Amino acid sequence: MQITGGKFKGFKIKVPKDVRPTSAFNRKRIFDIIGDVEGLRVLDLFCGSGALGLEAISRGAEFCVFVDVRNESFRVVNENLRKLGVSNVGLFIKEDALKFCRNWNGEKFDIIFADPPYSWDRYVEILECVKSLLKENGIFVLEISSRVIPPEVEGLELFKFVKGGDSAFAFYRLRPKG
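Below is a short write-up of the structure. What you see is a predicted model, and the numbers here were worked out from it, not measured in a lab. (Residues numbered from 1 in each chain as written. Predicted model: local features only at pLDDT ≥ 70, side-chain atom pairs only at ≥ 80, totals over all residues. Heavy atoms only, no water.)

### Quick notes on the sheet that holds strand β6 (residues 156-164)
Part 1 of the argument: On the basis of which strands lie adjacent, the open sheet formed by 7 strands has the order β3-β2-β1-β4-β5-β7-β6 and mixed pairing. A single partner strand is all that each edge strand has here, and the edge strands are β3 (90-94) and β6. Across this sheet, the average inter-strand angle for adjacent strands is 15 degrees, counted without regard to direction.
Part 2 of the argument: The sheet contact formed by β6 and strand β7 (residues 167-174) spans 8 bridges and is antiparallel. Counterpart to E157 in the pairing with β7 is R173.
Part 3 of the argument: Across the sheet, helix α2 (residues 51-58) lies against β1 (41-45), β2 (63-68) and β4 (109-114), angled at about 175 degrees from β2, the strand it touches most. (Pairing = 2+ DSSP bridges. Helix = DSSP H or I, 4+ residues; strand = E, 2+ residues; numbered from the N terminus. Axes fitted to C-alpha atoms, helices over the stretch in contact; angles between N-to-C directions. Contact = heavy atoms within 4.5 Å.)

### Let's talk about the packing of aromatic side chains
Part 1 of the argument: Throughout the structure, instances matching the rule amount to 8 aromatic pairs.
Part 2 of the argument: Positioned over the ring face of F159 is R173, at 4.0 Å from the centre of the ring. (Phe/Tyr/Trp six-rings, centres within 6.5 Å; stacked < 30°, edge-to-face > 60°. Lys NZ or Arg CZ within 6 Å of the ring centre and 35° of its normal.)

### Re α2
Part 1 of the argument: Burial within α2 is extensive, with 8 of its 8 residues counted as buried.
Part 2 of the argument: When α2 is considered as a whole, its buried residues turn out to be A51, L52, G53, L54, E55, A56, I57 and S58.
Part 3 of the argument: In this structure, the buried side of α2 is in contact with α1 (24-34), β1, β2, α3 (71-84) and β4.
Part 4 of the argument: Backbone geometry just downstream of α2 places G60 in the positive-phi region, at approximately 105 degrees. (Buried < 20%, exposed > 50% of the residue type's maximum accessible area, 1.4 Å probe, protein only.)

### With respect to the side chain of R41
Part 1 of the argument: Looking at the secondary structure, you find R41 in strand β1.
Part 2 of the argument: Among the residues examined, R41 registers a relative accessible area of 10% and is labelled buried.
Part 3 of the argument: If we ignore the near neighbours within four places in the chain, the residues touching R41 are E62, F63, E107, K108, F109, D110, I111 and K135.

### Some remarks on the environment of N137
Part 1 of the argument: Relative to the elements of secondary structure, N137 occurs in strand β5 (residues 134-145).
Part 2 of the argument: Sequence separation of N137 and R175 is 38 residues, and the distance between their C-alpha atoms is 9.4 Å.

### Some points on the environment of V42
Part 1 of the argument: Looking at where V42 falls in the secondary structure, it is placed in strand β1.
Part 2 of the argument: The exposure class assigned to V42 is buried, which follows from its relative accessible area of 0%.
Part 3 of the argument: On a C-alpha basis, the gap between V42 and V69 in space is 18 Å, while along the polypeptide they are 27 residues apart.
Part 4 of the argument: Beyond its immediate stretch of four places on either side in the chain, V42 contacts A56, A61, F63, C64, V65, F109, I111 and F113.

Printed below as a string of C-alpha cells:
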C-alpha cells in the first residue's frame, strides 16, 4: 500500500490488521475529483491506516486530524507520520467518529473523509454531524459499499457518486443558503 501522489509518492503505508484500506486506484480517483488540496485542513474519520489523510498531506494539505477508536490505528498512523517526518501536521484523536463530530469545537475543515466499516449503517447521523464541521466550500467524501445507495440529508448536496469495485464514493458539499 503506497501513497499515490505528491511529495511522498511511493511511500509504503503501514496498515493495521483487520483494516480495509482504500485502494491506491480509488485514492487517486478521489483526489482527481477533489483537485488541489494545497494548504487545506483535512479530517480523516474512521481513518484506519490514515491512507486518505496521509495522501492529502503528501499532496500539500496544511494539517490533518485522524480519528479512529482502535489502538492499532493510533499506533500505525503515528508511526507513518513519524516515518514521513510530518508529525507536526497530523493529530490523531482516539475517539468514536460520531462522538468526535458532535464534540469538536476547533477550526472547520476543507475536506472530510469518512470510511466506516461496510457493516456500519449510521450514514445519516454522520452526514448531519459533518455539516457543522465543513467550511463553506468544503467537501465531504463518504466511502460506502457499492451496494448501498448514497444517503442524502437537508443542507448537503450530493454532487458526485462513483463506484470502484466493492467500494463507492459519495461526494457532498454544503448547499448554499437562501
